[in-house]
Amino acid sequence: MDIVIILGAPGSGKGTQSAMIMQDYDLKPLVVGNILREAIANETEVGLFAKSYMDKGDLVPDEVIIGLIGEALISGEFSGGRGVLLDGFPRNTVQATAFDAMLHTKLSTSLSCIIALDTPEELLMERMVGRLYCTECGATYHTTYKKPKQGNTCDLDGSNLIQRDDDKLEVITKRLEVYKQQTMVLTSYYSSVPCYRNIPATGTPEEVYKSIRQALDSCLS
Ligand code: AP5
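Residues numbered from 1 in each chain as written. Predicted model: local features only at pLDDT ≥ 70, side-chain atom pairs only at ≥ 80, totals over all residues. Heavy atoms only, no water.

Caption draft 1: Examining the site of the ligand more closely. In the vicinity of the ligand, 32 residues are found, and the nearest of them are T16, D58, R91, R131 and R175. Note that an oxygen atom of the ligand is positioned 2.6 Å from one of the side-chain N or O atoms of T16. Taken by itself the ligand offers 1000 Å² of open surface, and the protein chains cover 97% of this. Those elements that provide at least two residues to the shell around the ligand are α1 (14–24), α2 (32–41) and β6 (140–142). Ranked by residue count, the leading element in the shell around the ligand is α2, at four residues. (Near = heavy atom within 4 Å. Polar contact = N/O pair within 3.5 Å; in protein donor to acceptor, adjacent residues only side chain to side chain. Areas by Shrake-Rupley, 256 points an atom, 1.4 Å probe, with all protein chains shown as cover. Helix = DSSP H or I, 4+ residues; strand = E, 2+ residues; numbered from the N terminus.)

Caption draft 2: Broad picture of the pairing of strand β4 (residues 113–118). For β4, a buried count of five out of six residues is recorded, marking the element as mostly surrounded by other parts of the structure. As defined by bridge partners, strand β1 (residues 2–7) adjoins β4 across four bridges and the pair is classed as parallel. Each residue of the ladder has a partner; that of L7, found in β4, is A116. Here five bridges tie β4 to strand β8 (residues 196–200), and the two strands are oriented parallel to one another. Opposite I114, over in β8, you have Y196 as the bridge partner. (Buried < 20%, exposed > 50% of the residue type's maximum accessible area, 1.4 Å probe, protein only. Pairing = 2+ DSSP bridges.)

What follows is the structure, given as structure tokens:
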């Protein structure tokens, strides 16, 4: 099973690129943020617990996230295709170390490709402030860069588009701080791994994706 990780700051374009990767490579997406938002919408125990952290821009505690990833990967839900595309995990060295152990002992596999999106901070702000989100299917749009075809509705299912609760300016600022304090270190954690690829993510989504394709094609067999 191929395991691909997409790393990057909030708003760097992980979700946008994951949607394109899924279409061209037979990888099933495991999007932690979407799983948590769905749990919040369904008012599950995990959702209610996670909401208090997400609304403040903090990371949800490691044990919850590691448990969730372990359950998903071991359940067999992701078998059958080429592998898994992880978006939003790991986010700190505790999660990365636990994941290394999980891959080795429980899944008998190793990382196939690590894509690290490199985006300047001023672009991150602009991308998040203008983001629109479909509560039904999780598709994202942007008020400038990716306008929906009709008003404020999703092109895919016609549902209403909203701003994410954590895309308010004060929460964005906190998420970027948390990224710098806890997640950015993962670029050095993984940089010595042969399948690590740093991808400049300042161009259009299609331009960024072209570099990602080259990275994936050089890593996946
Ligand atoms: P999550 O949902 O994963 O949020 P994030 O990492 O902050 O990333 P975003 O979804 O904000 O951005 P993205 O990189 O996917 O960008 P997108 O493609 O949408 O996590 C939310 C929260 O859940 C966390 O804060 C935390 O509380 C919790 N959580 C999640 N994982 C966790 C974990 N492992 N441990 C603990 N807690 C966890 O693009 C953004 C916008 O820009 C869009 O509007 C898009 O259209 C536009 N855009 C994208 N690319 C381009 C481009 N190249 N040019 C122009 N516009 C672009």
